[in-house]
Amino acid sequence: MENIIYLDNAATTAVKPQILETMKPYFEEYYGNASSVYRFAGEGQKAVEEARREIADFLGAKPKEIYFTGGGSESDNWALKATAFAKREKGKHIITSKIEHHAILHTCEYLEKLGFEVTYLNVDENGLVDLEELKKAIREDTILISIMFANNEIGTIEPIQEIGKIAHEHGILFHTDAVQAYGHVPIDLNELSIDMLSASAHKINGPKGVGILYVREGVRIGSFIHGGAQERGKRAGTYNTPGIVGFGAATKWANETFAGRIEKEIELRDYLIGRVLKEIPYTRLNGHAVNRLPGNANFSFRFVEGESLLLLLDQNGICASSGSACTSGSLDPSHVLLAIGLPHEIAHGSLRLTLSADNTKEEIDYTVEKLKTIVGRLRSMSPLYEDFVKEQSK
């Protein structure tokens, strides 16, 4: 599509041409089932294992600790459900936070229906988990702590190293949803007390429909999908060989471009945040000012309705979101914004802009100018804004 400014990279990213080229042979030439024993299928199996090694090396893990899945949501479901069922003789208590992705929150709700108990930790106004509250929430029957590495809506990066240390001091397994963090912030599993980690290819310019679950060696959890011996008997189903190859290639690309790519994203992000906060009054930046994802900028505009804002931006060729793509059809305010203490009326007027290194300063300038016009237009139609301005002028 022409004349589109894409600022929703937290929802998904474009597959890089070189990554697509790496995948193509496994659609057309080496299309055999990678689980078959004949030589023709061996090329696919070899490629799957090369991708596994690439991802393991990137994380500081062992190849046998990497399991391929159908995406981040499946990985989250597997980590929580399999751990709950494997550890239920020890206890039925799980700890997570109120700002997790719905793949975690809805899975926890499902487990509660089965008799498990879940503690949902509060976060502060920046979206950070309180480590003291975490410690107080731990019980003798706590079997799992699951806290996301970085929030998909407001971009806040959680104190993962400290959380993992607390979990292990109490003999509790620790899972982190790193879907937004993978390839965007440094992750070294040799330095972090993480037992399980979820990630997805399509957040780093790889294909949709493929993810991983890292399971630290020695952690015993059950299978999630039954029906075959794939993934060492842990995850049945025919290998998505092209997708897995694409994940490996995307990881290699993310690793090779990491420093320059992240530096540019931070530069663009800070430029965008600076202009918006300076030039559009009654605007709030959501999330931690420093400990946030490189490409994430989340704003709340007072006296503005978020859905109207998105529609008008779209009319001007700008792709953005009000939060998680998984809840874009919901009219309810973001659970993340409510958790950081925003009232409903302000949470409803929020906008998430997520950048990539492919964006330009010119695109940011265009977006800010359009934002100024659109916010002004929407506020001019708000009787609440009119009353507010009159009150301010007294």
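The sections below set out a description of the structure shown in this document. (Residues numbered from 1 in each chain as written. Predicted model: local features only at pLDDT ≥ 70, side-chain atom pairs only at ≥ 80, totals over all residues. Heavy atoms only, no water.)

**So, the overall build of the protein chain**
Note the threshold: Helix and strand definitions here come from DSSP, where helices need a minimum of 4 consecutive H or I residues and strands a minimum of 2 consecutive E residues; each element is numbered from the N-terminal end. Throughout, radius of gyration means the C-alpha value; the globule benchmark is 2.2 Å times the number of residues raised to the power 0.38. With a 1.4 Å probe rolled over the protein chains alone, any residue whose accessible area is under 20% of its type maximum counts as buried; one over 50% counts as exposed, and the rest are partly exposed. We call two residues in contact whenever any of their non-hydrogen atoms come within 4.5 Å of each other. Where accessible areas are quoted, they stem from the Shrake-Rupley method and a 1.4 Å probe; at the residue level, only the protein chains shown are allowed to cover.
For the protein chain, the count of helices and strands is 14 helices and twelve strands. Scaling as 2.2 N^0.38, a compact globule of 394 residues should have a C-alpha radius of gyration of about 21 Å, and the protein chain matches this with 22 Å. With the principal axes as the frame, the protein chain shows a C-alpha extent of 80 × 55 × 35 Å. Residues classed as buried in the protein chain amount to 55% of the 394 residues present. Here the analysis covers contacts within the protein chain between residues at least 6 apart in sequence; of these, 74% occur between residues at least 24 apart. Entry remark: accessible area of the protein chain is about 17,600 Å², with carbon and sulfur atoms responsible for 50%.

**A short note on the environment of Asp-76**
Structurally, Asp-76 can be placed in helix α4 (residues 72-87). Judged by its relative accessible area of 1%, Asp-76 is buried. Sequence separation of Asp-76 and Thr-107 is 31 residues, and the distance between their C-alpha atoms is 8.2 Å. Once residues within four sequence positions are removed from consideration, Asp-76 is found in contact with Ala-103, Ile-104, His-175, Asp-177 and Ser-198.

**Section: the packing of helix α10 (residues 306-315) against helix α13 (residues 361-380)**
Between two packed helices, what matters for the description is the angle formed by their axes and the separation of those axes. Filter applied, for reference: In this analysis an axis means a line fitted to C-alpha atoms, helices contributing only their contacting stretch, and an angle means the value between N-to-C directions, from 0 to 180 degrees. Between 65 and 115 degrees an angle is taken as roughly perpendicular, under 35 as roughly parallel, over 145 as roughly antiparallel, and anywhere else as oblique. If you view the pair so one helix is near and one far, a crossing is left-handed when the near helix is turned anticlockwise from the far one by less than a right angle, and right-handed when it is turned clockwise. Residue classes follow a fixed rule: Ala, Val, Leu, Ile, Met, Phe, Trp, Tyr, Cys and Pro count as nonpolar, while Asp, Glu, Lys and Arg count as charged, and any other residue, Gly among them, counts as polar.
Relative to each other, α10 and α13 sit at 140°, their axes nearing to 10 Å. Taken together, the axes of α10 and α13 lie oblique to each other. Classified by chirality, the crossing of α13 by α10 is right-handed. Of the residues in α13, those in contact with Ser-308, Leu-309, Leu-312 and Leu-313 of α10 are Leu-371, Ile-374, Val-375, Arg-377 and Leu-378. Residues belonging to the contact of α10 with α13 are distributed by class as follows: seven nonpolar, one polar and one charged.

**So, helix α7 (residues 160-169)**
Keep this limit in mind: What the arc describes is the spread of directions from the helix axis to the C-beta atoms.
Among all positions of α7, only Ile-160, Ile-163, Gly-164, Ile-166 and Ala-167 are buried. Seen from one end, α7 has its buried residues packed into an arc of 160°, which puts them on one side. Exposed residues lying more than 90 degrees from the buried face of α7 are Lys-165 and Glu-169. Taken together, the buried residues of α7 touch α6 (131-137), β5 (142-146) and β6 (173-177). Among the residues trailing α7, Gly-171 stands out with phi positive, at a value near 70°.

**Focus: unusual backbone geometry**
Here Asn-205, not a glycine, exhibits a phi torsion of approximately 70°, which is positive. Tracing the backbone through its elements, the reader meets Asn-205 in the loop between β7 (196-200) and β8 (211-215). Among the residues examined, Asn-205 registers a relative accessible area of 11% and is labelled buried. The phi dihedral of Phe-303 falls on the positive side, at around 65°, and the residue is not glycine. Topologically, Phe-303 is positioned in the loop between β10 (296-301) and α10.

**Let's talk about the packing of helix α9 (residues 258-279) against α13**
Contact pair α9 / α13: the axes reach a minimum separation of 10 Å and the direction vectors enclose 20°. The pairing of α9 with α13 is recorded here as roughly parallel in orientation. Classified by chirality, the crossing of α13 by α9 is right-handed. On the side of α9, the interface is formed by Leu-268, Tyr-271, Leu-272, Arg-275, Val-276 and Glu-279, while α13 contributes Lys-361, Ile-364, Asp-365, Val-368, Glu-369, Leu-371 and Lys-372. Looking at side-chain class alone, the contact of α9 with α13 contains seven nonpolar, no polar and six charged residues.

**Details of the sheet that holds strand β12 (residues 350-354)**
Applied cut-off: Pairing between strands requires that DSSP locate at least two bridges from one strand to the other.
Across the sheet, three strands lie side by side as β9-β10-β12; this open sheet has antiparallel pairing. What marks the edges here is a single partner per strand, and that holds for β9 (283-286) and β12. Recorded for the sheet is a direction-independent mean angle of 25° between the axes of neighbouring strands. The pairing of β9 with β10 spans four bridges and is antiparallel. Residue Thr-283 lies in a different strand from β10, and its bridge partner there is Phe-301.

**Considerations on the pairing of strand β3 (residues 93-97)**
Let me state the cut-off plainly: The handedness rule is simple: strands pointing away from the viewer, and a clockwise path from the first strand over the helix to the second, make the crossover right-handed.
Of all five residues in β3, five are buried, a share of seventy percent or more. What you see with β3 is no split at all: His-93, Ile-95 and Ser-97 on one side and Ile-94 and Thr-96 on the other are buried throughout. Relative to strand β4 (residues 117-121), β3 is paired through five bridges, and the arrangement is parallel. Within β4, the residue paired with Ser-97 across the bridge is Leu-121. Crossover connection from β3 via helix α5 (residues 102-113) to parallel β4: handedness right-handed. Sheet topology places β3 next to β5; three bridges connect them, and they run parallel. Looking at the pairing, Ile-94 lines up with Leu-144 of β5.

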